[in-house]
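# Notes for the structure review
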Amino acid sequence: MINDHPRLMMLMLNQTDLTPASFILNGIPGLEDRHMWISFPFCSMYAVEMLGNCGLLYLICYQDSLHRPMYYFLAMLSLTDIFICSSAIPKVLSIFWFQLKEISFDGCLVQMFFVHTFTGMESGVLMLMALDRYMAICYPLHYSTILTNPVIAKVVLATFLRGVFLIIPFTFLTKRLPYCRGNIIPHTYCDHMSVAKLSCGNIRVNVIYGLMVALLIGGFDILCITISYTMILRAVVSLSSADAQQKAFSTCTAHICAIVFSYSAAFFSFFSHRFGSHTIPPSCHIIVANIYLLLPPMMNPVVYGVKTKQIRDCVIRILSGSKDLKSHSI
């Protein structure tokens, strides 16, 4: 027993040296020789995302007729989408173009925090937009008195703080792990489970907490969205006029498309990481994980620009050279 004491001490000391100084983001496994070709659609999607969301923010900021709760939430969605893509895609492109695969351990944790925080906030904003549509359709007379600017600011702040406080533990749970399986991450950015799987320690807490956060954010938001649209459907069906029903439904189509784009890729990425690692090729999972960061932010401004008459009219006036953008009312 006495002879084992120095060995135990040595193991404890070595445990503190199992945190790597940096990680190597290896890109898409099995497709390393095609990174340059893959980078072109990724870069194009990122450029469209930035242009579309910055354009939406500009319109909502400077067009007086868009100073309404629905468009404030849309502005928050655009801002969140910009942060989501900018947290990961520039590093992804640097890997594809310049082979800059190294990222510091702390930098990896920071990237992981921002990616997961803003993806969680995107889910929350989609939930708030569903509640906004519920209030507009089911309680139109009280819509403007309930959803005032201070109320909107508070619920958006609460959604942001929810994401921050639920994601912060990920960084501590990941930082405490011993990493003795190398420092090469088979991914294009620092995802929580991709980093945790490099550990030779027990990651059960990480897995369980990840499932809890998924339920607290994604599960709660989807439940609220489902309840909101159930109530909306009941209210719309009860309308006597077919034109009124069509108009009510049309105000929700853009939001429904945004929900489909956001949650379909998110669910695939989340569950394949935890339950499908042996049946789904790693390259497929990594590509979907990147599309999850790119496709919804790229499609949201396109869908809202096409489906929302007010935004479409503003864009048409800009393209036609109208100089009275701010003062013109719709």
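Residues numbered from 1 in each chain as written. Predicted model: local features only at pLDDT ≥ 70, side-chain atom pairs only at ≥ 80, totals over all residues. Heavy atoms only, no water.

### Overview of the overall build of the protein chain
Rule in force here: The way it works is that DSSP assigns letters per residue, a run of H or I at least four long becomes a helix, a run of E at least two long becomes a strand, and they are numbered from the N terminus. Each residue gets one of three labels from its accessible area relative to the maximum for its type: buried under 20%, exposed over 50%, partly exposed in between, using a 1.4 Å probe on protein chains only. Only heavy atoms enter the contact rule, under which two residues are in contact if any of them lie within 4.5 Å. Only the protein chains shown count as covering a residue, and every accessible area follows the Shrake-Rupley method with a 1.4 Å probe.
When helices and strands are counted, the protein chain shows 11 helices and 3 strands. Ordered by position from N to C terminus, the α and β elements of the protein chain give α-β-α-α-β-α-α-α-β-α-α-α-α-α. Looking at the protein chain residue by residue over its 330 residues, the buried ones come to 47%. In the protein chain, once contacts between residues fewer than 6 apart in sequence are set aside, the share between residues at least 24 apart is 79%. Within the structure as shown, the protein chain displays about 16800 Å² of accessible surface, and the carbon and sulfur contribution to it stands at 71%.

### Some points on the packing of helix H2 (residues 35-62) against helix H10 (residues 282-307)
The following threshold applies: Inter-axis angles, ranging from 0 to 180 degrees, are taken between N-to-C directions of lines fitted to C-alpha atoms, where helices are fitted over the stretch in contact. Note that the term roughly parallel is reserved for angles under 35 degrees, roughly antiparallel for angles over 145, roughly perpendicular for angles of 65 to 115, and oblique for everything else. It is the rotation of the near helix from the far one that decides the hand of a crossing: anticlockwise by less than a right angle makes it left-handed, clockwise makes it right-handed. Here the nonpolar group is Ala, Val, Leu, Ile, Met, Phe, Trp, Tyr, Cys and Pro; Asp, Glu, Lys and Arg are the charged ones; every other residue, Gly included, is treated as polar.
The N-to-C vectors of H2 and H10 enclose an angle of 40 degrees; their axes lie 8 Å apart at closest approach. As judged from the angle between their axes, H2 and H10 are oblique. Considering how the two elements wind past one another, H2 and H10 form a crossing that is left-handed. Contacts from Phe42, Met45, Tyr46, Val48, Glu49, Gly52, Asn53 and Leu56 in H2 reach Asn290, Leu294, Leu295, Pro297, Met298 and Pro301 in H10. Of the residues in the contact of H2 with H10, the class split is 10 nonpolar, 3 polar and 1 charged.

### As for the pattern of salt bridges
We apply this condition: Whenever a carboxyl oxygen of Asp or Glu lies within 4 Å of a side-chain nitrogen of Lys or Arg, that contact is scored as a salt bridge.
Tallied over the entire structure, the rule returns 4 salt bridges. In this structure, Lys175 and Asp106 form a salt bridge, with 3.3 Å as the shortest nitrogen-oxygen distance. Here Lys175, found in helix H6 (residues 149-175), pairs with Asp106, found in helix H4 (residues 105-138); they are 69 residues apart in sequence, far enough to count as distant. By relative accessible area, Asp106 is classed as partly exposed at 47%. Among the salt bridges present, the one from Arg133 reaches Asp132, with a minimum N-O distance of 2.9 Å.

### Observations concerning the UniProt feature "transmembrane region" (unreviewed entry) in the protein chain
Threshold: UniProt positions are given in the numbering used here, feature names are shortened, and annotations may be inferred rather than shown by experiment.
UniProt marks residues 36-59, 71-89, 109-131, 151-173, 207-236 and 248-271 with the feature "transmembrane region" (unreviewed entry), using the numbering shown here. In residues 207-236, helix accounts for 100% and strand for 0%; the two terminal C-alpha atoms are 41 Å from one another.

### Quick notes on the side chain of Asp132
Filter applied, for reference: For this analysis, a polar contact is any N or O atom pair within 3.5 Å, provided that within protein one partner can donate a hydrogen and the other can accept it, and provided that sequence-adjacent residues contribute only side-chain to side-chain pairs.
Relative to the helices and strands, Asp132 resides in helix H4. A polar atom in the side chain of Asp132 sits 2.9 Å from the side chain of Arg133. Discounting chain neighbours no more than four positions away, the residues touching Asp132 are Pro69, Met70, Phe73, Tyr143 and Leu147.

### Comments concerning H10
So the rule is basically this: In this analysis, the expected span of each helix is defined as 1.5 Å times one less than the number of residues it contains. At any given residue, the bend is defined as the angle formed between two axes, one fitted to the seven residues that end at that position and one fitted to the seven that begin there.
Under the 1.5 Å per step criterion, the end-to-end length of H10 is 36 Å for 26 residues, consistent within 8% with the ideal 38 Å. Of all the bends in H10, the greatest, near 30 degrees, is centred on Ile291.

### Comments concerning helix H3 (residues 69-98)
The end-to-end C-alpha distance of H3, which contains 30 residues, comes to 43 Å, matching closely the 44 Å that a straight helix rising 1.5 Å per residue would cover. Summarising burial for H3: 22 of the 30 residues are buried, a large majority. Gln99 lies just past H3 and shows a positive phi near 60 degrees.

### Focus on the sheet that holds strand E3 (residues 184-185)
Convention followed: At least two DSSP bridges between two strands are required for those strands to pair.
What the 3 strands build is an open sheet, ordered E2-E1-E3; its pairing is mixed. Each edge of the open sheet is held by one strand with a lone partner, namely strand E2 (102-104) and E3. Relative to E2, strand E1 (residues 22-25) runs antiparallel, the two sharing 3 bridges. Each bridged residue has a counterpart across the sheet, and for Ile24 the counterpart in E2 is Glu102. Sheet contacts for H4: E1, E2 and E3; angle to E2, the most-contacted strand, approximately 85 degrees.

### Quick look at the layout of surface pockets
To keep it simple, the criterion reads: Only protein atoms enter the 1 Å grid used here. Points where a 1.4 Å probe fits but cannot escape make up a cavity, open sets with protein on both sides within 12 Å along at least five of seven lines make up a pocket, and a residue lines them when an atom lies within 4 Å of a point. Grid points are joined across faces, edges and corners, and a volume is the space filled by probe spheres set on the points.
The computed volume of the second largest pocket comes to approximately 560 Å³. In terms of lining residues, the second largest pocket is bounded by 20 residues, among which Arg68, Arg133, Lys247, Thr251 and Gln310 are the most central. Listed by contribution, the elements that provide at least two residues to the lining of the second largest pocket are H3, H4, helix H9 (242-275) and helix H11 (309-319). By residue class, the composition of the lining of the second largest pocket is 10 nonpolar, 4 polar and 6 charged.

### With respect to the state of the cysteines
Stated formally: The term disulfide is used for any two cysteine sulfur atoms that are within 2.5 Å.
Taken as a whole and judged by the stated rule, the model has 2 disulfides. At a sulfur-sulfur separation of 2.0 Å, the disulfide partner of Cys108 is Cys190. Taking the torsion about the sulfur-sulfur bond, which here is approximately -120 degrees, the covalent link between Cys108 and Cys190 counts as left-handed. Here Cys108, found in helix H4, pairs with Cys190, found in the loop between E3 and helix H7 (192-196); they are 82 residues apart in sequence, far enough to count as distant. When sorted by exposure, Cys108 lands in the same class as Cys190, which is buried. Each bonded cysteine of the protein chain is numbered by sequence order, and under that numbering the disulfide pairs are 1-3, 2-4.

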